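Coordinate inspection notes
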Amino acid sequence: TQLLEQSPQFLSIQEGENLTVYCNSSSVFSSLQWYRQEPGEGPVLLVTVVTGGEVKKLKRLTFQFGDARKDSSLHITAAQPGDTGLYLCAGAGSSRGSARQLTFGSGTQLTVLP
Amino acid sequence: DSGVTQTPKHLITATGQRVTLRCSPRSGDLSVYWYQQSLDQGLQFLIQYYNGEERAKGNILERFSAQQFPDLHSELNLSSLELGDSALYFCASSADGVNTEAFFGQGTRLTVV
């Protein structure tokens, strides 16, 4: 069973601060995705990283995939109250085939205070 | 709007009962996934269907079953419900079973009383 650990579990910061969320595993993933979920809604895909060492930027969000494809980080610069939500990482198995289930981390609940 | 439609949005039922949750995937998506999200377990993968066939099974209880119909919509059947089955149930779809960029519906909140 592939497990993904996210840290921190909860994060409360002031508007304008920077933060980093980590997603770690002992397993290798073929790709890793980051989702953001708001209360009462389904997770919304933010980004997919595929190549070890890959860095992707989405406005103030920077995503990095570890060189060994076992871990990932999400860095938010100058956080805003609109960034508040549950951030989930999800890894796709490295085995080939037509079925790849996503393994989700437990999530980081981010609260950005105005 | 992800394009994935789930009904009903809320469901309250008694222990021992059976319910059916429905999911319509995004237009053109062949793969449907079901997930359960509870406070203590996070988002747990239950089962995947691809073009009508079961492709992957996760932590799905024997009391639960699913199917995908020729029009690609899917149903998740939960029977002999227990209090612990109370959770959010999400359906997600993707274009195929390999591209795992999944798009989630808004979920069905099931409360078992």
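This text goes with the structure placed above it.
Keep in mind it's a predicted model, so treat the numbers as computed, not measured. (Residues numbered from 1 in each chain as written. Chains lettered and ligands numbered in written order. Predicted model: local features only at pLDDT ≥ 70, side-chain atom pairs only at ≥ 80, totals over all residues. Heavy atoms only, no water.)

All names here are of chain B. As for its placement among the helices and strands, Gln 68 is situated in strand β7 (residues 64–68). Along the chain, Gln 68 and Ser 93 lie 25 residues apart, while their C-alpha atoms are 12 Å from each other. Beyond its immediate chain neighbours, meaning those up to four positions away, Gln 68 contacts Leu 30, Val 32, Tyr 49, Tyr 50, Asn 51, Gly 52, Glu 53, His 73 and Ser 74. Among the polar contacts made by the side chain of Gln 68, one reaches the main-chain carbonyl oxygen of Leu 30 at a distance of 3.2 Å. In terms of polar contacts, Gln 68 uses its side chain to reach the backbone carbonyl oxygen of Leu 72, at 3.1 Å. (Helix = DSSP H or I, 4+ residues; strand = E, 2+ residues; numbered from the N terminus. Contact = heavy atoms within 4.5 Å. Polar contact = N/O pair within 3.5 Å; in protein donor to acceptor, adjacent residues only side chain to side chain.)

A few words now on the sheet that holds strand β6 (residues 55–58) of chain A. Residues and elements named next belong to chain A. What the five strands build is an open sheet, ordered β1-β3-β8-β7-β6; its pairing is antiparallel. In this open sheet, the two strands that pair with only one neighbour each are β1 (5–7) and β6. For this sheet, the mean inter-axis angle between neighbouring strands, taken without regard to orientation, is 15 degrees. Relative to strand β3 (residues 19–24), β1 runs antiparallel, the two sharing three bridges. Following the sheet pairing, Glu 5 is matched in β3 by Asn 24. (Pairing = 2+ DSSP bridges. Axes fitted to C-alpha atoms, helices over the stretch in contact; angles between N-to-C directions.)

Now for the packing of aromatic side chains. A complete count under the given rule lists nine aromatic pairs over all chains for this structure. Here Phe104(A) and Phe104(B) contribute two aromatic rings whose centre-to-centre distance is 6.0 Å and whose plane-to-plane angle is 80 degrees, an arrangement assigned as edge-to-face. In this pair, Phe104(A) sits in strand β10 (residues 102–104) while Phe104(B) sits in strand β10 (residues 103–104), so the two residues belong to two different chains. Residue Phe104(A) is classed as buried on the basis of its relative accessible area, which comes to 9%. An aromatic cluster is built from Tyr35(A), Phe104(A), Tyr35(B), Phe45(B), Phe90(B) and Phe104(B), whose rings are joined through pairwise contacts. Above the ring of Phe103(B), the side-chain terminus of Arg26(B) is found at 3.8 Å from the ring centroid. (Phe/Tyr/Trp six-rings, centres within 6.5 Å; stacked < 30°, edge-to-face > 60°. Buried < 20%, exposed > 50% of the residue type's maximum accessible area, 1.4 Å probe, protein only. Lys NZ or Arg CZ within 6 Å of the ring centre and 35° of its normal.)

Let us look at the state of the cysteines. A covalent bond between the sulfur atoms of two cysteines is what we call a disulfide. Residues and elements named next belong to chain A. All chains considered together, the criterion is met by two disulfides over all chains. In this model, Cys 23 is linked to Cys 89 through a disulfide, with the two sulfur atoms separated by 2.0 Å. Measuring handedness by torsion sign, the sulfur bridge of Cys 23 and Cys 89 sits at about 75 degrees and is right-handed. Separated by 66 residues along the polypeptide, Cys 23 in strand β3 and Cys 89 in strand β9 (residues 85–93) bring together distant segments of the chain. A single burial state applies to Cys 23 and to Cys 89, both of which are buried. (Disulfide = S-S within 2.5 Å.)

Listed by partner, the interface residues are 18 residues for chain B and 20 residues for chain A. Together, the buried faces of chain B and chain A total about 1700 Å²; carbon and sulfur atoms form 52% of this surface. Taken together, the links from chain B to chain A amount to zero salt bridges. Between the two partners, chain B and chain A, sit three residue pairs in polar contact (both at pLDDT 80 or more). Residues that form the side of chain B that touches chain A fall into these classes: nine nonpolar, six polar and three charged. (Buried area = accessible area lost by both parts, 1.4 Å probe. Salt bridge = Lys/Arg side-chain N within 4 Å of Asp/Glu carboxyl O. Nonpolar A, V, L, I, M, F, W, Y, C, P; charged D, E, K, R; others polar.)

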